[in-house]
Each structure stands twice: as C-alpha cells, then as structure tokens.
Amino acid sequence: MLGYLVRRLVQSVLILLGVSFITFVLLYVLPADPVRQIAGRSATAQTVENIRQQLGLDQPMLVQYWRYLSGLVQGDMGRSYLQKTEVSTLIAARLPASLLLMAAGIFCELLIGLTLGVIAAIFRGRSLDQGLMVTSFVAVSAPQFVVGLLLLYVFAVQLGWFPIGGYGTAAHLVLPAVTLGIMGSGWYSRMMRSSMVDVLRQDYIRTARAKGLTRRRILLRHALPNAILPIIAMIGIDIGIFMGGIVVVESVFGWPGIGQLAWQAIQRVDIPIIMGVTMVSATAIVLGNLLADLVTPLIDPRIKLR
Amino acid sequence: MKTLLASTAILLASALTGMAQEYTPDPNATAGGMITVTYKDDVATLDPAIGYDWQNWSMIKSLFDGLMDYVPGTTELRPGLAESYTISDDGTVFTFTLRDGVIFHNGREMSAEDVKYSLDRVTTPETQSPGAGFFASIAGFDAISSGAAETLSGVEVVDPKTIKITLSRPDATFLHVMALNFASIVPKEAVDAHGTDFGKNPVGTGAFKLGEWTIGQRLVFEKNADYWREGVPYLDGVTFEVGQEPIVALLRLQQGEVDVPGDGIPPAKFQEVMGDPDQAARVVEGGQLHTGYITLNVGIAPLDKLEVREAINMAINKERITQIINGRAVPATQPLPPSMPGYTDGYDGYAFDADAAKDKLVEAGLADGFSTELFVMNTDPNPRIAQAIQQDLKAIGVEVAIRSLAQANVIEAGGAGEAPMIWSGGMAWIADFPDPSNFYGPILGCAGAGEGGWNWSKFCDESIDAMATAADSMTDPSAPERMEMWSDVYMEVMQQVPWVPVFNEQRYTMKSARMGGDDALYVDPVSIPVNYDYVYVTE
C-alpha cells in the first residue's frame, strides 16, 4: 500500500511537470505578446524594452521555464503581469468560492443523477425509463452557458426566486450549482441505472425478495448501497470535467472563483495567472484521481492496490 | 512670464467655494446615500501609474488627483491640486503653485516633494507604467527611462508649495498630461509600505478613499470627509460589484438592484430598452472621443497604391455599418471625432460611390480586383461589421478573407505589420486626453509605425510629422492657430488615406431612477465612464 502510494505520488509529480511544460510552451508560442498588453498602446519602444527585460521575457524559452519552475517548487507562482499582485494571493482569494461551487455542483449532480438513475432502473424498459434516458442525453449535451442563462432567465428574472448572479448567500449558490450539476447528472443517471439494473439481478436480491421483504426495503437497504459504491469512486475523476465547467459557469453567474480569474487572464495574456490556475487545477485533478483509486479498495474489497 | 490662469486664480481666491466659477453644482444635489455600480471585468489595480482599463480609469480619478483636472462633464481644463500655474514665454518652464491644506487619505499634508516623487515614480522603468511615454517632453526623461538617472532632472522643488517643471521641448499638451491619471500625486511612504501591492492599497488625495476590497467580488469606496474641494462628493460611498456580465447587470438594473451598469447597455438589448419609454427615459447618450476605422497597410501590395486606398474608402457604406450597431454612432469623415478640437468642419471625406471606386481600381491597373485579408477582433458586433466590409468590397471586385481573432492576437498582427487591413472595433482609439495630437503620434505618426507600434497602417510621412511637431511646439494648447495646424495635419493624412474612418461611436449608458446629476456626468468624456464625485441620489 505504501509502495503504491509513493509510486503514484511520483507519477503525479511527473504529470504536473509535463502539464506545466506543455502549458508554458503553448503560452510561449502564442502569437500575442504579453509585454504589449502591459505596456499599453501609448508606450515608447524604450518602455517596451525595459518591461521585457525586467520580466525576463527577453530570455530563451527554456531559461524562462526553468526560472518559473524554480520559483514554483519554492511555492512562488510569480506576480500577475497586469495586476502586479502575487498570483498565489489572487488564487487563494478565489479558491474558496470555486471549491464551494464545486462541492455544491457535485451534490447537485449526485442528487439529480442518482435519483433519476434509480427511478429509471426500477421502471426499466418502460416509457418513463426511456424518457429519463433521453433527458439525460440532453443534459449531457446542452452547453453550460445556455443552460445557465436559461435558468437565470426563468428562475431569477421571471420568477424572482433567486438573485440574478453574484455571490454571498446560499440562494446565490443554487443556480450555478444546478447548472454545473445538470451536465454531470446525465452521466450519473446512466451509470446509476446500469449499476442498479446489475444489482437487481443479483441472487441476494432474489433471496431478499423470497424472504418477503418489502419492495421499499429491498431497494433502499439491499440494492442502493451496493449499486452506489462503484459510482462514488467516479467523483474523483469528475473533478477534471468540473474544472472545465466552472470557467463557463463562473463567468455566466459572476461567481468570483478561479475560473473567472483564468478567463480574464487569458484575454489579457497574463501568463503567470494562466499558469497558476492551470497548475492548481491540474493538481486538483491529479489528486482527485489518486483519491478515487485509493478509495476504491475501501469500498470494494475485491480490488487490491499493488 | 505670462499668466494664463490669472483671472481664474483671482476668482478662486475671492469666490465662496473653490469651484464656483468653473462648475456650478446642481442646486438640487443632496448629500448622502450609497450607489451600486457593476463591471464585467475585475479591477486589475488602483495604482494610478499602472491602471489603464475601462473600469479603473474613473475609479482612480475619484481616489487620486493630479495638478490639473477637468471641469466635470466637459473637456475643459481646470486646476486640480495646483492652485495656479505660470508658463515661461518659450513654453518650456511650467511653475505650479500647490493648494494649501490638501491631505492624503493617510492624514499627511501633500507637498511639492510628493509631486516630484510621483513624477519620478511613473517614469522610472521599475514601475512599468504604460503611461511613462506621456512624460517624454520633461527634461531628463531619456536619462530616467534608460536607467541612467534615478530622478527627472527637469522637475525641481522650489519650496514646499511650488514645483517647477522644465521641458526639453515645448509641448502644448503638457497641461493635459498633468491631468492624466498617470500624473496623480501619491505619498511615498504609502508606496514604500506596500511596494508593488500599492495598487491594492491605494492612498491618494481624491474625493473617495478605498474602504473594502474583496478580490473578484466587490470594492467599496467611502467618502473622503476631508476632501479639499468644498461640498463634494455628494455620495457617502460607491459599491463596485465586479464579475457581472453586462446582460446580468441590465437585468439587475431593471429590478432596482444596480444604479449604473458600468459597461453600458449590451448591444443585444439596446432596441428593447429604447422601445420601453420608462427605460429609455433613463438612458443617457453622449459623444465620446472615439473613432472606429479600417487601417490600410501601406507596406503591403496593392494597398501601397494611393488609388487602391481611395477606392476602398469610396466602396465602404458607412451608413449601413452604423445600422449594424443600432445607429449608436455617426459616420466619420476624418480621423478626429467631431467633438474633438481641431476637427475640420465642412470636410465630407470620401462619399460612398461603388462606381467611382471601380474607376479608381482601373486607374491603379487592377480592373479585375484583387484579394486581401481583414483582421478583426472576434467579439460581437465586430465580425458582423467585417462581413459588411467584405460585401462592400466584393461589390468592387475585391475579395476579402476575414481573420477573426482574439484581441491580443489582432494587436500583435497589427503591430508586426502583417495585417493588410484591420477593423479597429474593440481596440479603436479613444482619446487619453481631449487634444487633437492624441490621435496622431501613436496611430498615424512615424513614432507608432515601428515594430509593435499601434500605427497598424505603418504609414509614416515625415513632412506630416514635422507639421505635427510644429503644432505641438506652441505654448497655448487651445490657441485657434494651433487647432488650424492640427486640422491641416489630418487633412494631409486624408490625402493619403492610410485609414478608412468609419464611424464615431456614441456612448449610451443607463442609470436607476434615483440617480441625480447632470446627464453629462454619466457620459463624462474624461472620467470615463462616470464622474462619481458629482453624481448624487434623490432618496
């Protein structure tokens, strides 16, 4: 177990190194000059040159990458080109909002997805099942900015149940979390359905039924816990999809998280922020996957880590 | 020595309030109340030496002051932290007398040493100020910007209330430069205490001070009770909520949650808003010092031929393009916008005439037309405008391929001189200060034509450059002869047409029913977008 953990951690570090290098190269070859963005439209050639030198952007790419990396291992993500603030400060200020949104999003997708999956499995083959599966397909395919604006329009503007964007109270959280959850709920309802269908075919369910247990007790006590376990392990992998989703959802709802930070930085070629958010997200994804793998054997003793 | 503002200074001393003679405050104005303003993008910094964004420009104006200022809602200069000033006869020495009793937000009194420190700070390379170049006419600028000196030799503290600034050449725009945000006076101890984080902990002399800043969410400005101008600001404070899409901001305005949507009315909602009398009554329209244009790269064949550039000018249907943006603009005839001094009245530019355009192409030996590329920023409505340009040019046989890219990439291609044509939408020139010279140097002059410069036509005519230099060597910035010289400069430019001037955008913004104050304050040409110091609430 310990050996496995060490091996996986080393692998994780290598993956993060790779991510940092590829992102750095992509930003370097981008046909947009960050110095121009800092210097502005009225800058003299001298000002532009001064800024380029001070930021070390006149150095060869590998030298620049090495400098970034040496800072990174010491916990220094650099300063934003345009805001001049430490990137770590900016991310730290916004990370709680993103984590809250992500947790609420996962809660929503599980709540919606698992419920629909169980219902579909119970009514397997009937029109309700088919209807739900079509719905889940739509949910997976619908673009999040459309879903977000639609929910905003109906529930905030027309009905006035929730605030129109912003951050602060539990009411602010509902619509962005549901938007984020709807896409994932499509996947989960399909997985839950097949897992549930599998479990309901098992011998112990037939035994339970033969014992004369109520249908409700069979479903809630015998089938559901067994069907849900493999799905829990998927949440870790889900974090990657969520990281993509929050960029869109945070922008639509004015949610002050790292997705919004990244979106604004990309438009202005603020490379330290783009790198910082990428590295934090990559770390979250790598850790999420690792966690999912570690949790699996706890849930299902048949799986062993080696 | 001639004293330009002598009369103003005398009036200043005798008038009941410091600004009575320059600006009549609204007699209905009432003090108190908070307002809420929204912006889409986060506020990057409130450091006046660095900030150069749509959202932080007017915020910085409310937190800081410079030696010069503008009469609210107008483009007219008035003294700011300077009480008066004199200019030497050759126009190279400016002596400013500072006001008494101006207190920084940290409680210390401002003095001439702070002025010197602030000018040194904005020009020194370590600050990385995008505005450093504006101060190039101060003696010693080259030495400080190359790192050879640590201080501007041309800025001299005469006594705690007097500062003398010597220029290396006459610069008619200098007083406007001293009114730029970049020339704001900052206290050294506060900058030293916060280092590069000064932009998050601003300390100035302005009408408001920063109360709270929750990164990515909200900034709260509080009234500066010790503000040196009597009677203002009226508001107790302003809450800025950032990260709000313009469409969301408009919906919140309609629900009464927002007082001013900082990014204006989203184009897609414009007609709906104007169609509702109640909402339309709260829309404020104003001119702005803006020109939207197509650059024609004189270094790329066949745009290097004058006849081809003329043909393109005649082929563009500017009326139709203004319709694409719901008529929120007026067709342009020349680089300067109509509200800018130096604008040439009575000049009609190139009329829309496809047949004449075809004749010009025949003259250029391109009877069969040619193909070229048009670069455009990829946000609405710019790609739609590019399509209109494409259709107009197709009608005279010119095949245009549209390259729709992110803003930074268009700027890069333009600076490198790789783009034959660029539609300026989303990156168009809005004046830094209301003087005709501001539309020349960086975007039409030789200075901007180098690698990376904003002169995307790469047009460089040394004789026109000489005319511009002559106009700026005059001492009185608003002298009629000077405006005539600038008018000549732009007429000379139009002879060679490195641009198609397309339209001058009008600014449309909205306010909640409780907002009071002159409409001009909501479309202030200088405190863009809103002059927070002078607006008030009625309840």
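Residues numbered from 1 in each chain as written. Chains lettered and ligands numbered in written order. Predicted model: local features only at pLDDT ≥ 70, side-chain atom pairs only at ≥ 80, totals over all residues. Heavy atoms only, no water.

Q: Looking at this structure, I do not really get the interface of chain B and chain A. What am I missing?
A: How big an interface is tends to be stated in terms of accessible area lost as the parts join. Between chain B and chain A, the residue contacts involve 46 residues of the former and 40 residues of the latter. In this assembly, chain B packs against chain A so that about 3,700 Å² is buried in total across both faces, 49% of it on carbon and sulfur atoms. The largest contributions to the chain B side of the interface with chain A come from Q128, I215 and E412 of chain B, which together make up 16% of the buried area. Linking chain B with chain A are four salt bridges. Notably, a salt bridge pairs R94 of chain A with D42 of chain B, separated by 2.9 Å at the nearest N-O pair. In this assembly, chain B and chain A are joined by 19 residue pairs in polar contact (both at pLDDT 80 or more). With four residues, helix α14 (residues 407–416) of chain B is the largest single contributor of residues to the side of chain B that touches chain A. Of the residues contributing to the side of chain B that touches chain A, the split by class is 19 nonpolar, 15 polar and 12 charged. (Contact = heavy atoms within 4.5 Å. Buried area = accessible area lost by both parts, 1.4 Å probe. Salt bridge = Lys/Arg side-chain N within 4 Å of Asp/Glu carboxyl O. Polar contact = N/O pair within 3.5 Å; in protein donor to acceptor, adjacent residues only side chain to side chain. Helix = DSSP H or I, 4+ residues; strand = E, 2+ residues; numbered from the N terminus. Nonpolar A, V, L, I, M, F, W, Y, C, P; charged D, E, K, R; others polar.)

Q: What's the story with the state of the cysteines in this structure? I'm lost.
A: Residue and element names in this part refer to chain B. Applying the stated criterion to the full structure yields one disulfide over all chains. One disulfide bridge connects C446 with C460, the sulfur atoms lying 2.0 Å from each other. The disulfide joining C446 to C460 has a torsion of about 95° about its S-S bond and is therefore right-handed. Linking C446 in the loop between α15 (441–444) and α16 (462–472) with C460 in the loop between α15 and α16, this pair joins segments that are 14 residues apart in sequence. You can call C460 partly exposed: its relative accessible area is 40%. (Disulfide = S-S within 2.5 Å. Buried < 20%, exposed > 50% of the residue type's maximum accessible area, 1.4 Å probe, protein only.)

Q: Which parts of the structure should I look at to understand a nonpolar patch on the surface?
A: Residue and element names in this part refer to chain A. On the surface, a nonpolar cluster with roughly 560 Å² of combined accessible area is contributed by L2, V6, V10, V13, L14 and L17. Its location among the elements puts V6 in helix α1 (residues 2–29). In this structure V6 comes out as partly exposed when scored by relative accessible area, which is 47%. (Patch = residues over 30% accessible without salt bridge, like charges linked within 9 Å, V, L, I, M, F, W, Y side chains within 5 Å. Areas by Shrake-Rupley, 256 points an atom, 1.4 Å probe, with all protein chains shown as cover.)

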